[in-house]
Amino acid sequence: MRYPAVAIGAAGLVAWPWAAPPYFVFLASLVVVNAIVAIGLNLLSGYTNQLSFGHAGFLAVGAYTAAIVATRWPGVPVVVALLAAALGAALVGLLLGVPCLRLEGLYLAMATLAFGFVVVEAIVNLEWLTRGNDGLRVPTARLGPWALATDTARYYLAVLVGAAMVWAALNLVRTRTGRALLAIRESEIAAQASGVHLAKYKTLAFVISALYTGVAGGLFAFVVGFLSPDAFDVFLSVDFVAMIIVGGLGSVPGSVAGAAVLTVLNDSLAGFQNYRPLLFGALLIASMLFMPGGIASAVRRLKGG
Amino acid sequence: MRSRWALLPVALAVLAAAPARAEQGVTDAEVVLGCSNSFSGPLAFSGEQATKFGVDLYVRAVNDAGGVLGRKVRTVYYDDGYKPQEAVANTKKLVEQDGVFAIIAPQGTPPVLATLEYLEANKVPLLFPFQGSPITRARRYVFGGMTLYDRQSRMMIEYLVGQRKYRKLAALYQDDEYGKSFRAAFEKDLGRHGLKLVAAESVKRGVTDVSAPIAKLHAARPEVLFLVLTPGPGAQALRERQKIGWTEAVMVSSGPLTDERYLALAADAAEGVEGLSLWPDPLASDLPGVRLYRERMKRYFPGNEPNRYSLSGYFAAMLFAEGAKRAGRSLTREGLVVALEGIRDFESGILPPVTIGRDHETQKQGFWVRVEKRRFTPLTDWLKSE
């Protein structure tokens, strides 16, 4: 029952560039990027109940790391650049995660919010590395002899990486680590009493979440082809939170669905960004009122009858 | 039977010619233009004015008069809020989904830079972007939309050092492509006169407190201080030097800064400030093209005050129409590029006669102004940089 569904989904993803108009291939790559961020954020917020309003910061760290690696060492395989992005962001996640252990709820949200601003300031000021406000052109992603110079090539890269990240997340949540994170969400005291090392697992959640977002950042850099600090503002972090709320807290497929809905919605509002916060806000309220578990639980309920 | 076969070569010829004729964004009835611009964010005012009240003003006037060689012009705009990644997405959307013929009048160096490679690779003309960094030079499908910063610097130095005989010049500039392009050009142009900047201070974009750099620059006692800033910080700098009683130096604003907003923000602190103006006064100029622009503004957008951003967009659309007319009824992108390159002494009634050559620079001039009773008063005729 499950395998046919996966096979149909995979066939759809492979066929997409041949079926869809060219612009939608690029848009689909952006959906994948956002889906990976949403999964990462969901592991932290949905599974472990640690709020973050700073994921645009991790995305920026990943994006700039990949771009700088690809610029400094021309011809480096895109896989290496993405790994560097993942490790760079994970390291920053560790550095942020440790001091944030003592913070809860609103205070944690404020600390992560500040983190987002700090990253943008750092990018603006580290001009020798990031070219500051002028922005950084990202070289074409390379994989051995191939240059991924078209939207279609970059789409397949994004889909492959995205599939691997989804698979890893689905497995992770079924392991001891995943159970530990869920236990922390339900009750920190109960989790600790059952032998879950709180500090260790909370830090781990931060690191894994940052790692996911770092990979997404690397893909973002190659898909868009140009980076500037303006891209990574606080509204982007809020968009990520909106994605997992609309999609469903604590659900990997929900993260993907939420990312798809918000990315496409954002794109269809390209003519009037001013109405964006209004519409996103309304969507958030509506989904919390009528669909508290997000798209994921709505689908589950429909299936359950 | 014979006559039917005789038609075959004709049919084949028509089929063969069809792909060449069907240029994206052009039909018998219309031609589609568009851009990604700032309708939110720091440059929202200039973005909206340049497109919806500038390009569209000329387009409405032209369409009411029958269009360009019978084709109505239609425009599509998307908002990027000055974010390059949104500009990339919007531009792809315009080219691949809306099928625009050309991009017209986008704004700001980072968003324009982010889309440059893509447009060039897809051979989509990028017409008259509102930015002056020399990044747009030497590209087949790109035509500049502002007197480039190195040309502005050259004119400013030639006038101030060559004619007014100032020797001690300093600069306060924004720490990005815009400011740094100017600073490098100032150093180079002063070098030709055996001079150097006596002091130079930079500020971050969107800075609100400029007291420290102003104090440092004051200590260097320059005769001239260049302000290469945006309206907010520019006005802030003028108020700060008024506060510390710094009156002996001439404050000189760069071309992009010399606008009505900066003037309004600085209020009486702007009195006596000089600058390079890239456009004739949109409210007061008697030039025939500017008068017509004001009349049309009153007719089509009666609530909207004339300003130099809408004037620049209006001029961009006018230049496109001239190029499209020269390219003829079988309008193609290649044809437009060649036609624009061939423009000689085009009278716009707004700027001096426009000649575009192989360098694709549509503007190479500015004139000197001084603020007197909250208005820009011209001190010179058009200065040229050839």
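In this text the structure is predicted, and so the values were computed from the model without any measurement.

S.K.: Kindly report on the overall build of chain B, identifying the contributing residues and their values.
M.R.: If you tally the helices and strands in chain B, you get 12 helices and 13 strands. Computed over C-alpha atoms, the radius of gyration of chain B comes to 23 Å, within 12% of the 21 Å expected from 2.2 N^0.38 for 386 residues, which places it in the range of a compact globule. Considered along the principal axes of its C-alpha atoms, chain B spans approximately 95 × 40 × 35 Å. Relative to its full complement of 386 residues, chain B shows a buried share of 51%. A separation threshold of at least 6 residues defines the contact pool for chain B, and within that pool the share at least 24 residues apart is 67%.

S.K.: How would you summarise the overall build of chain A if you had to cite specific residues and measurements?
M.R.: When its secondary structure is counted, chain A shows 14 helices and four strands. Relative to the 2.2 N^0.38 estimate, which gives 19 Å for 305 residues, the radius of gyration of chain A is 19 Å and therefore close to what a compact globule would have. The principal-axis extent of the C-alpha atoms belonging to chain A is close to 55 × 45 × 40 Å. In chain A, buried positions account for 50% of the 305 residues.

S.K.: I'd like to hear about the sheet that holds strand E2 (residues 72-79) of chain B, residue by residue, with values.
M.R.: Residues and elements named next belong to chain B. In spatial order, the strands read E2-E1-E3-E4-E5; together these five strands make up an open sheet with parallel pairing. Whereas interior strands pair on both sides, the edge strands pair on one side only; in this sheet they are E2 and strand E5 (142-143). Direction of pairing for strand E1 (residues 30-37) relative to strand E3 (residues 102-104): parallel, over a ladder of two bridges. Following the sheet pairing, Gly34 is matched in E3 by Ile103. On top of the sheet, helix H11 (residues 308-327) reaches E1, E3 and strand E4 (126-127); it is set at about 150° to E3, its chief contact.

S.K.: Explain the interface of chain B and chain A to me, using residue names and the numbers behind them.
M.R.: With 25 residues of chain B in contact, the opposing surface of chain A contributes 21 residues. Looking at which element gives the most residues to the side of chain B that touches chain A, the answer is helix H3 (residues 84-97) of chain B, with nine residues.

S.K.: Explain unusual backbone geometry to me, using residue names and the numbers behind them.
M.R.: Where the residue is not glycine, phi is negative for most of them; where a peptide bond is considered, it is trans in most cases. Despite not being glycine, Asn49(A) shows a phi value in the positive range, around 65°. Relative to the helices and strands, Asn49(A) is located in the loop between helix H2 (22-47) and helix H3 (55-72). Phi angles above zero are rare outside glycine, and Arg374(B) is one such case at about 60°. On the neighbour-count criterion, Arg374(B) (13 C-beta atoms within 10 Å) is partly exposed.

S.K.: Lay out the domain arrangement of chain B with the relevant residues and their values.
M.R.: The assigned domain composition of chain B is domain 1 (30-146 + 284-355) and domain 2 (149-277 + 367-384). Computed from C-alpha atoms alone, the centre-to-centre distance between domain 1 of chain B and domain 2 of chain B is 28 Å.

S.K.: I'd like to hear about the confidence of the model for chain A, residue by residue, with values.
M.R.: As a note on interpretation, predicted positions should not be read in detail where pLDDT is low. On average, chain A scores 91 in pLDDT, and the residues at 70 or more come to 99%. The least confident element of chain A, judged by mean pLDDT, is helix H14 (residues 294-304) of chain A at 85; the most confident is H3(A) at 97.

S.K.: I'd like a rundown of the environment of Gly75(A), residues and numbers included.
M.R.: Turning to its location among the elements, Gly75(A) is positioned in the loop between H3 and helix H4 (78-100). Note: C-alpha distance between Gly75(A) and Thr140(A) (65 residues apart in sequence) is 9.0 Å.

S.K.: Residue-level account of the pairing of E1(B), with values.
M.R.: Extensive coverage of E1(B) is indicated by the burial of seven of its eight residues. For the handedness criterion, the β-α-β arrangement of E1(B), helix H2 (residues 44-64) of chain B and E2(B) is classed as right-handed.

S.K.: So what's going on with helix H10 (residues 198-224) of chain A? Which residues, and what values?
M.R.: In an α-helix there are 3.6 residues to a turn, and that puts residues three or four apart on one side. Look at H10(A): 38 Å from first C-alpha to last across 27 residues, which is about the 39 Å you get at 1.5 Å a residue. Among the residues trailing H10(A), Gly225(A) stands out with phi positive, at a value near 85°.

S.K.: Could you give an account of the environment of Arg139(B), naming the residues involved and the relevant values?
M.R.: Residues and elements named next belong to chain B. Tracing the backbone shows Arg139 in the loop between E4 and E5. With 15 C-beta atoms counted inside 10 Å, the residue Arg139 sits in the partly exposed group. When the C-alpha atoms of Arg139 and Phe53 are compared, they prove to be 28 Å apart, with 86 residues separating the residues in sequence.

S.K.: So what's going on with the pairing of strand E8 (residues 224-228) of chain B? Which residues, and what values?
M.R.: For a regular strand, the rule is simple: side chains alternate between the two faces of the sheet. Residue and element names in this part refer to chain B. Where burial is concerned, most of E8 is hidden: five out of the five residues are buried. The alternating pattern of E8 places Val224, Phe226 and Val228 and Leu225 and Leu227 on opposite faces, both of which are buried. Pairing geometry for strand E6 (residues 169-174) and E8, over five bridges, is parallel. Counted as the bridge partner of Ala170 is Leu225 from E8. In this sheet, strand E9 (residues 250-253) lies alongside E8 in parallel orientation, the contact comprising four bridges. Paired with Val224 across the two strands is Val250, which belongs to E9.

S.K.: Go over the packing of helix H8 (residues 176-186) of chain A against H10(A) with me, naming the residues and quoting the values.
M.R.: Residue and element names in this part refer to chain A. Packing of H8 against H10 leaves a shortest axis separation of 10 Å and a crossing angle of 105°. Taken together, the axis directions place H8 and H10 in an arrangement best described as roughly perpendicular. Touching Thr177, Ala180, Leu181 and Ile184 of H8 are Leu198, Tyr201, Lys202, Leu204 and Ala205, all from H10. Residue composition of the contact of H8 with H10, grouped by class: seven nonpolar, one polar and one charged.

S.K.: Tell me about the environment of Trp246(B), residues and numbers included.
M.R.: Residue and element names in this part refer to chain B. Positionally, Trp246 belongs in the loop between helix H8 (231-243) and E9. Classification of Trp246 as partly exposed rests on a count of 16 C-beta atoms within 10 Å. Sequence separation between Trp246 and Tyr78 is 168 residues, and the spatial gap between their C-alpha atoms is 44 Å. Beyond its immediate chain neighbours, meaning those up to four positions away, Trp246 contacts His218 and Arg241.

S.K.: Please provide a residue-by-residue account of the confidence of the model for chain B, values included.
M.R.: Residue and element names in this part refer to chain B. Looking at chain B as a whole, the pLDDT averages 90, with 95% of positions reaching at least 70. Predicted confidence for residues 12-20 stays below pLDDT 50, and this span has zero contacts to residues more than four positions away or in other chains. Confidence metrics for the complex model read pTM 0.88 and ipTM 0.88.

Cut-offs used in this document
Within any chain, residue numbers begin from 1 and follow the written order of that chain's sequence. Working convention: letters from A go to chains and numbers from 1 go to ligands, in the order in which they are written. The predicted nature of this model means local features are confined to residues of pLDDT at least 70 and side-chain atom pairs, given and counted, to a pLDDT of 80 or more, with totals for whole chains, interfaces and linings taken over all residues. Every helix listed is a DSSP run of H or I at least four residues long, and every strand listed is a run of E at least two residues long, numbered separately from the N terminus. Just to be clear, the radius of gyration here is over C-alpha atoms, and the globule rule we use is 2.2 Å times residues to the power 0.38. Residue burial here comes from a neighbour count, namely the number of other C-beta atoms, placed from the backbone, that lie within 10 Å of the residue's own C-beta, with 20 or more meaning buried, 12 or fewer meaning exposed, and in between meaning partly exposed. We call two residues in contact if the C-beta atoms placed from their backbones are at most 7 Å apart. By the convention used here, strands pair only if DSSP detects at least 2 bridges between them. Here an angle of 0 to 180 degrees is reported between the N-to-C directions of two axes, which are lines fitted to C-alpha atoms, with helices fitted over the stretch in contact. The split of the chain into domains comes from an automatic or database domain assignment. Along the chain, pLDDT gives the predictor's confidence residue by residue, from 0 to 100. Note on handedness: a crossover is taken as right-handed if, strands pointing away from the viewer, the path from the first strand over the helix to the second is clockwise. What a helix should span is 1.5 Å times the count of its residues minus one. For this classification, under 35 degrees means roughly parallel, over 145 means roughly antiparallel, 65 to 115 means roughly perpendicular, and everything else is oblique. Throughout, the ten residues Ala, Val, Leu, Ile, Met, Phe, Trp, Tyr, Cys and Pro are labelled nonpolar, Asp, Glu, Lys and Arg are labelled charged, and all others, Gly among them, are labelled polar.

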